[in-house]
Amino acid sequence: MKTAGYPNVNVRNFTTSWRDGLAFNALIHKHRPDLVDYSTLSKADADYNLENAFEAAEKKLGLTRLLDPEDVNVEFPDEKSIITYVVTYYHFFSKMKADSVQGKRIGKVVSNMMENERMMEEYERLTSDLLEWIERTIHVLSDREFTNSLQGVQEQLAAFNTYRTVEKPPKFVEKGNLEVLLFTLQSKMRANNQKPFLPREGKMIADINRAWERLEKGEHERELALRDELIRQEKLEQLAKKFNQKAGLRESWLSDNQKLVAQDQFGYDLTSVEAAHKKHEAIETDIKAYYERVQAVFGIADELEQEKYHDMERINARKNNVQKLWVYLIELLDARRARLVLTYKLYRVFQDMLYLMDWMEELKARLCSDDYGKHLMGVEDLIQKHSLLEADIHVVGEQVKKVNGDVGSFLEPDMAVNDFRPCDPQVIQDRMNTLQAAYDELVMLAAERKSRLDDARNLWQFYWDMADEESWIKEKEQQMTSPDLGHDLATVHLLLNKHKAMECEMRAHRVQLERALAVGHSLVDSASFGSEKVQQRIDEINSQWDNLVELATYRERRLLEAVDYWKFLAEADDVDIWMLESLRLVTTDDIGRDESAVNQLLRKHKDVTDEIDNFRGTIEALHEQAEQLGEEDRQNPEVPHRLGLIDRRYDELQYYAQVRKQKLLDALSLYKLYSEADIVEAWIEEKKRFLATLQPSAASDIDELEVIKHRFDGFENEMKTNAARVTTVNQLANGLISVEHPNAEEIRHLQEGVNHKWEELMRIAEEKRLGLSGTYGVKTFYLECTETVTWIQDKIRIVESTADLGTDLSSVMILQRKLSGLERDLSAIQTKLDNLEGEAQQLGANHPADAKGVREKVDEIHSVWYDLKEMLKARDEKMGEAAELQKFLRDLDHFSAWLTRTQKAVASEDIPESIDEAEQLLNSHQTIKEEIDTYAPEYAHMRDYGATVTASADATDPQYMFLRERLRALDQGWAELQDMWDQKHVRLSQALNLQMFNRDSRQAEILLTNQEFHLAKEEQEQPRSLEEAERKMKSHENFITTLQANEEKITGVVQFAEHLCSEDHYASERIADKAEQIQERYRVNRERAIDLLERLRDSLALFQFLQSCEELKEWIGDKLITAQDETYRDAKNIHQKYTRHQAFESEIASNRERLGRIQEEAQLLMKDRPEDAELILKHVRELQAQWDELDRTTQEKGQKLFDANRQQLYEQNVDDIDSWMTNLERQVLTSGEEEIHDLTSVTMLMQRHTVIEDQMVQKASQVQSLRSQADQLISIDPTSEPEIVAKKQQVEERFAKIRGPLQERKERLEQQKRVHQFVRDVEDEKLWIAEKMPLALSTETEPARSRSARRRSSRPGATSNAPATADVTASWTRATTSAS
C-alpha cells in the first residue's frame, strides 16, 4: 500500500481507516511530499488533518472537493463517498506516473485552457455587444416624439414592424447562442476539474434575460404608443374633413344672410314699424340661433389645434374667414336694429307716460290717509301695506326714469338718422317735466307717511320689548338668589355648569336688551309722543339689570370656592386610603422562607418604596391646594386637621419601608450563603469518593488507562467550575460577618469548614494527576512499539508468501493482489520508527526506572525492520521482468472500476425538481460524456494490448481465458454506456422542458390564484355606500382590463403544453391535465369577473336609489323642523306667518313628484333585484311615513296658525279682500272708459287685465277659506255669529258683484283689440300696394325703377301715403260705429 510506513496509518477498509485524515495526507505526501508536512500532523486533531488534505487536493492538485471534514469525522463514514473520492486520487496520481501520457494530457489541458480562454473572451465580447444593442434599442423605443401626420406615423409603424421581423430575430438567435456558449464553456471546465467560469456582475445570463425583458416591455409600449398615435392621426384627418364640410356650409349661409340684412324697408308709421320690428326680431333670432353652429366649426378648429394637427395654417385661415363673415353679419344686424328701434321707441314711450301718470294719481290718494294704527299689530299691518306702496313707488320711479331717459335720448343730435326726427323736441321736453314733477310729489308724500309709521311702531314695540325684558330679569333673579351650593363635588359642578350656561344666556340677552334700549333712547332723543315715560322705563330696566349682574357675580364666586373645597376633601380621602394600604404592605412580618421568595418580596418592596417616594409630590400639591381655598373654607377646622394627620402618616410610612427593606436584604444574603455552602460541601464529598476509585497502577491495558485519564480530565474541569462557588461562599460570609449579622458565629464556622474541605480536595487531585501522567506515557509507548512490530511482521509474511510465484500471467496477478500497497507503506514505517526513537529517549530521561524496558522495545523494532527491507530488496530484483504485465492488469482494474461506476452514475433515475436542478443534472450528464470521450483512447489502448497478450497465450490457460472474458465484458460495457448516455440525455432534456412548463404553470397558477383571491375578496366585501360602490366599480373595471391583458400569458402556457404533448413527452398526460386546468380556471375567473361587474352595476344603482332616498329624507327632515316650529304662539305678524305657511304648503306639494319618481325607481329595482326588495321597500315605506308625517304636521300647523288668533286672522283676511276690491273698483271699474288709441294701448290694458284675473283666482280661494274660518269661529263663539256672517256675506256679495264688470271689460278690450288689429292689417296691405303701384305703372327699365322706388321709400313723410291715410280713417269710423 502507498500509505505503508506512515505512523498511525493502517488502511484496512474504506470507512474508519480514513476517519482521522492521516491516510489522505499520507497518500498525498507519498506522491507530492512538497504539498504536505506529514510530521506536523497529529492523530488527535482529525478535523485539521481532513481539512489540510482536502484543501491541498483542491487547490494544489485541482481535485474536486467531494467531501468535507464533518462528512468523514463521524462514527461510520459513508463507504461509497470515500471510495469515490479516493478514486480521484488514484486517477490523478496514475496519470502522473506515465510520462508520455502525462505530456499528452498536459498539452490537452493547456489546449483546453486556451480554448476556454478564447471562449470566455468571445462570451464577454458577444455579451457586451448584445447588451449595448439592447440598451441602444430600448433608448430608441422609448422615444415618444412621433411625426405629426398620418403618413409619417404609418411610416414609423412600418419601420417598427421591420425592426421586429428583420433586426430583432438575429439578436434573439445571438442570445440563445450565448447561453449555449456559456453552457459549453462551463461543461468543459467542469470536465477538466476546473472551477466553472462565472461571468462578472452585469454580464450573466440572468442580466441578459432581464435586459431582454426590458427590451420586450419597451417594444410592447412602443407598439401601443404607435397604434394610439395612428388612431389619433386618423381621427384628426376625419375631424379636418368634417371641418371643411361645415365651414363651407357656414360661409354660404352667412353670405346669404348678409344680403338679407342689408335691406332697409321699415315703413312710415307705428304699425309698419312694429311689423318691421317683428320681422327683424325673427331674422335676429334665426341668426343668433345659428351661432351655435358657427361655434361648432370653431370648436372643431380648436380641437384640431389642441391636438396639434399638421395642417393648422389652412384650418386657421378657414376659421378666421368664417369668423370675419359672422362678425360682419352681426354688425349689419345691429346697425339695422338701431335704425329700426329709433322710430319704434318714441311711439311706445308716449303711451307709457300716460299709464304712469294714472298710476301715480292712484298711489297719491292712498298716501294721504290719516290712519297710523292704535296698537303694535295695527301699525305692523299699516307698515306692511306701506312697504307695498313704496315698492310700487320704486317701480314707478324706475319707470319714470326709464321713460324720461328713453324720451330724452331723442333730443340728442346724434339720434337723428338722415336728419329725421319723429317728433318736435319741445313737446318731448314738456312731457318729461310733467312726469318728473308728479313723481317727486309722490316720493315726498311716501317719505312723510313712512316716518310717521316708523315712529308709531318704535313706540309700541319698545313697550312690548320692555315688558318681556322685565319678566326675564325677574325670573333670573330668583335663580341667582338660590341658597343651594351643592352637597358634594358632582352637584357643585352641575350647579356651576348651569351658572355658566346662565351667564352665556345673560351675555347673549344683553345684546338684545341693548338693542331695545337703543330704540328707547332714540325715541327720547326725537322728543316724540310719550318720551318722558320711555326714559323712566329705561332707568327701571337698567337698575334691574345691574342688580342681576351683581347677584350672578356673587353666586359664581361662591360656586368656585365650593368646587375647590370639595376637591380638597376628595383628594385628602384618596391620600388617606392610599397611605393605609401602603402601611399594611410595609409592616408585614413575612420575609420569605427561601431565596426565591425573598427576591420576589424585594421586588415588590422596591415598587412600593418607589411609589411612596413619588407620592411626596401629591402631598405637597394637597398643601398648595389647601392654601388656595376661599377665606371661609380655609377657616374651617377640618382643613388643618386633615393636613396634619396626612403628614404624620406619611413619615411613619417612610420609616417602616426602610426597616422592612433591611430585613429582606439580610434574609436574602443568609439564604444564599446556606444554599451555596451545601452545594459545595456535597460536591467535595462526592469528588473525594470519585478520586478514591481512580487507580492508574491497577490498569491492565492502555484502554483502561485512557478511560481513567478521560475521567480525571472531566474532574479537573469541574474543579475550575466549582472554584467560583467557593469564592461566592467566602464573599457572602464575609459580608454577613462585617454587618454583624445575628448568626455571625455560625456563619464563620460554616466558612472555615468549606475552605478546609476544598483545600484537602485540591491536594488529593494533584497527587492523582502526577501518578496518572507517568503511567499513561509508558503504557502508550509499549503499545505503539507492539503495533509497529506487528505491522512490520505482517509485511514480512506478505513478502514471504510471494517467494514461490513465477513470472507468468497467473503469478503476476497473484503477486499484484498481494503487493499492491506494500511499497507505499515502507516510508510510513520509517517515519514511525523515527518517532518511536524520539519518544524512547524522552521516556528514559523522565522515567529512569523504565528506561531499560523502553530501549529493549526499540531494539526489537529495528531488528524486524531490517529483515523486512532485505526481503523486499531481494523480491524486487526477482519481479522486474513482469512489471509491464502487472501495469496492464492494474490499468484494466482501474478502467473496469471506472466503467462500472460511470454506468451506475448514468443509470441513476434522478428526477429534477426545479429548473436549476434540471440544468445541473444536464450539465453533469454532459460532463460524463466528456469524461467518456477522455477515456476513449485509454480504452482503445487496453483493447489492443489485451489482444496482443491473449493472442500468444495458451487457449486452455484458465487465467488467459478469464482475461479474454474480461476484455469481452469491457467491450460490451463500453457500448452499453454509450446507449445509456444517449437515452438519459433525451430524458433529462424532457425533464428540463417539464420544469420550464412547471415554472410557467406555477406563475400562471399564482396569477390565477391572485385573481381568484381578488374575486373572492370582492365578492365577500359588498359595497356599503355610493362612494364605495363607485370606487369598487372603477377598481373592478381595472381588474378586468388586467385580466384581459394576462390572457396572453395563459395562452402561452397552454401552447407550450400542446407543443410538449406533440413531441411525445413522458409526462404528456400530466402536462395536458395541468394546461386544461389552467385554461378552465382562467375561463371561470373571467366569467366570475363579468358576473361581479353586473352585480356591482346593480349595487351602484341600488346605492344611487338609497342616496336619493336619503336626500329626500334630509329635505323632509328640514321641512319637518320648519313645520314643527311653534311660531304661531307669538301673536305678532300672524297674518304674514299664515301667508308664508301657505307658500310652504305649496312648496311641499310641488316636491311630491320627487317621492313619486323614487317610488317608480323602487318598483324597477325590486323587479331587477328581488333579493333587495325588502330593503328597498323599507326605505320607500320610511319615506312615505315621513312624508305622511310632514303632511300631517303641516296641516296641523296651518290649523294651529289659524287657531292661534282666529278672530284677528279672519278680520285681516276680510279687510285684505275688502281693501283689494275697493282698489280694484276705483282703478278699473269706476275709472270710466280707458283711453284707447292704438293696438299697443289695447295690448297693455289686456296684460293688466290678465294680472287682475290672476289676482281674482287667488282672492277666490281666500273668499272660499273665509267660509271655513267663519264656521269655526261660530262654533267657538256662537254669540258673534250675526257679525261674522254679515261680514262674510258682504265680502262674497261684493266679490260676486265684481266678476260681471270684469268679464264685460275683458270682452270690450278683446273687441277693441280685434278692431285695431283689423285696422293694422289694412294699413299693412295698403302700404304694400302703395309701394308696388309705382313699379307697376312705371315705363322705366328694371334697374331705373328699382332705384326710383328706393329713393321714394327712403324719403320721410312721403305724400304717397295720403290716400291710404284717408282710407284708414274711414275704416276706423265704420269699425267704431259697428262696435258701439
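Residues numbered from 1 in each chain as written. Predicted model: local features only at pLDDT ≥ 70, side-chain atom pairs only at ≥ 80, totals over all residues. Heavy atoms only, no water.

### Some words on the overall build of the chain
Right, so step 1: Counting its regular elements, the chain contains 37 helices and 0 strands.
Right, so step 2: Here the chain, with 1380 residues, has 38% of them falling under the buried criterion.
Right, so step 3: When contacts within the chain are restricted to residue pairs at least 6 apart in sequence, those whose partners lie at least 24 apart make up 83%.
Right, so step 4: Only carbon and sulfur atoms are counted for the fraction: they give 51% of the accessible area of the chain, which is about 78300 Å². (Helix = DSSP H or I, 4+ residues; strand = E, 2+ residues; numbered from the N terminus. Buried < 20%, exposed > 50% of the residue type's maximum accessible area, 1.4 Å probe, protein only. Contact = heavy atoms within 4.5 Å. Areas by Shrake-Rupley, 256 points an atom, 1.4 Å probe, with all protein chains shown as cover.)

### Focus: the packing of aromatic side chains
Right, so step 1: Per the counting criterion, the structure on display carries 20 aromatic pairs.
Right, so step 2: Their ring planes at 20° and their centres at 6.1 Å tell us that W472 and W545 sit as a pair that is stacked. Separated by 73 residues along the polypeptide, W472 in helix α12 (residues 425-480) and W545 in helix α14 (residues 531-586) bring together distant segments of the chain. Exposure class is identical for W472 and W545. Each is buried.
Right, so step 3: Sitting over the face of the ring of W981, K929 holds its NZ or CZ atom 5.2 Å from the ring centroid.
Right, so step 4: Above the ring of Y1066, the side-chain terminus of R987 is found at 4.5 Å from the ring centroid. (Phe/Tyr/Trp six-rings, centres within 6.5 Å; stacked < 30°, edge-to-face > 60°. Lys NZ or Arg CZ within 6 Å of the ring centre and 35° of its normal.)

### So, helix α27 (residues 1026-1045)
Right, so step 1: Relative to the 28 Å expected for 20 residues at 1.5 Å per residue, α27 spans 29 Å between its end C-alpha atoms, a close match to the ideal helical length.
Right, so step 2: Here α27 has its buried residues at L1026, E1028, A1029, K1032, M1033, H1036, F1039, I1040 and L1043. Viewed along the axis of α27, the buried residues span an arc of 140°, placing them on a single side of the element. Within α27, the exposed residues directed more than 90 degrees away from the buried face are E1027, R1031, K1034, T1041 and A1045. (Expected span 1.5 Å × (residues − 1). Arc of directions from axis to C-beta.)

### Brief notes about the pattern of salt bridges
Right, so step 1: Summed over all chains, the structure comprises 43 salt bridges.
Right, so step 2: Here R144 ties to E221 by a salt bridge, and the two come within 3.9 Å at their closest N and O atoms. On the criterion of sequence distance, the pair formed by R144 in the loop between α5 (99-141) and α6 (150-191) and E221 in helix α7 (residues 205-261) is long-range, its members being 77 residues apart.
Right, so step 3: Classification of R144 as partly exposed rests on a relative accessible area of 34%.
Right, so step 4: Here D302 ties to K319 by a salt bridge, and the two come within 2.8 Å at their closest N and O atoms. Residue D302 is found in helix α9 (residues 291-306), and its partner K319 is found in helix α10 (residues 312-367); the two are separated by 17 residues along the sequence.
Right, so step 5: Look at K319 and you get buried, because its relative accessible area is 15%.
Right, so step 6: Taken together, the shared-partner salt bridges in this structure form one network comprising R164, K168, E219, E223 and R227. (Salt bridge = Lys/Arg side-chain N within 4 Å of Asp/Glu carboxyl O.)

### A closer look at the side chain of N1151
Right, so step 1: Checked against the element boundaries, N1151 lands in the loop between α30 (1134-1150) and α31 (1152-1168).
Right, so step 2: Those residues in contact with N1151 that lie beyond four places of it in its chain are W1115 and W1187.

### A closer look at the environment of N73
Right, so step 1: Here N73 is to be found in the loop between α3 (69-72) and α4 (79-97).
Right, so step 2: Measuring from C-alpha to C-alpha, the distance between N73 and A46 comes to 6.9 Å, with 27 residues separating the pair along the chain.
Right, so step 3: Contact partners of N73, with chain neighbours within four places excluded, come to R19, A46, D47 and L50.
Right, so step 4: Within the structure, N73 has its side chain in polar contact with the side chain of D47 (distance 2.8 Å). (Polar contact = N/O pair within 3.5 Å; in protein donor to acceptor, adjacent residues only side chain to side chain.)

### Considering unusual backbone geometry
Right, so step 1: Of note in the backbone geometry, N8 takes a positive phi value of approximately 65° without being a glycine.
Right, so step 2: Of note, N8 is situated in the segment before α1 (22-31).
Right, so step 3: Its identity is not glycine, yet K308 carries a phi of approximately 60°, on the positive side.
Right, so step 4: Along the polypeptide, K308 turns up in the loop between α9 and α10.

### Quick notes on the environment of V1263
Right, so step 1: If you trace the backbone, V1263 turns up in helix α34 (residues 1239-1276).
Right, so step 2: In this structure, the C-alpha to C-alpha distance between V1263 and I1217, residues 46 residues apart in sequence, is 7.8 Å.
Right, so step 3: Discounting residues that sit within four places of it in the chain, V1263 has contacts with I1217, V1291, E1292 and F1295.

### Some points on a negative patch on the surface
Right, so step 1: A cluster of acidic side chains, namely D45, D47, E70, D71, D78 and E79, defines a negative patch on the protein surface.
Right, so step 2: Tracing the backbone shows D47 in helix α2 (residues 46-59).
Right, so step 3: Looking at D47, the relative accessible area reads 42%, which means it is partly exposed. (Patch = residues over 30% accessible without salt bridge, like charges linked within 9 Å, V, L, I, M, F, W, Y side chains within 5 Å. Lys, Arg positive; Asp, Glu negative; His and termini not counted. Charge placed at Lys NZ, Arg CZ, Asp CG, Glu CD.)

### Here's the deal with the nonpolar core
Right, so step 1: V9, F24, F54, Y89, F781 and I792 are the most contacted members of the largest nonpolar core, which totals 47 residues.
Right, so step 2: Among the elements of the structure, α1, α2, α4, α20 (744-801), α22 (823-846) and α23 (851-878) are those that each provide at least two residues to this core.
Right, so step 3: Take this core: its biggest share by element is 7 residues, from α20.
Right, so step 4: Not counting residues up to four positions away in its chain, the partners in contact with F54 are F24, R65, L67, D68, P69, V72, Y85 and Y89.
Right, so step 5: Core analysis: the next-biggest nonpolar cluster, separate from the first, contains 29 residues, M120, L130, L185 and L226 among them. (Core = buried A, V, L, I, M, F, W, Y, C linked by side-chain atoms within 4.5 Å.)

### Section: the packing of helix α28 (residues 1047-1062) against helix α29 (residues 1068-1123)
Right, so step 1: In the contact formed by α28 and α29, the axes pass within 9 Å of each other and the chain directions differ by 160°. Judged by the angle between their axes, α28 and α29 are roughly antiparallel. As α28 packs across α29, the resulting crossing turns out to be left-handed. Residue-level contacts link E1047, I1050, V1053, V1054, A1057, L1060 and C1061 of α28 to S1068, I1071, A1072, A1075, I1078, Q1079, Y1082 and R1086 of α29. (Axes fitted to C-alpha atoms, helices over the stretch in contact; angles between N-to-C directions. Parallel < 35°, antiparallel > 145°, perpendicular 65-115°, else oblique. Left-handed = near helix turned anticlockwise from the far one by under 90°.)

### Some remarks on the packing of α27 against α29
Think of two packed helices as two axes; the pair is described by the angle between the axes and how far apart they sit.
Right, so step 1: α29 packs onto α27 with a crossing angle of 160° between their chain directions and a minimal axis gap of 9 Å. Taken together, the axis directions place α27 and α29 in an arrangement best described as roughly antiparallel. The crossing of α27 and α29 is left-handed. Residue-level inspection shows L1026, A1029, E1030, K1032, M1033, H1036, E1037, F1039, I1040, L1043 and Q1044 of α27 in contact with α29, the latter providing Y1082, N1085, R1086, A1089, L1092, L1093, L1096, R1097, L1100, F1103, Q1104 and Q1107.

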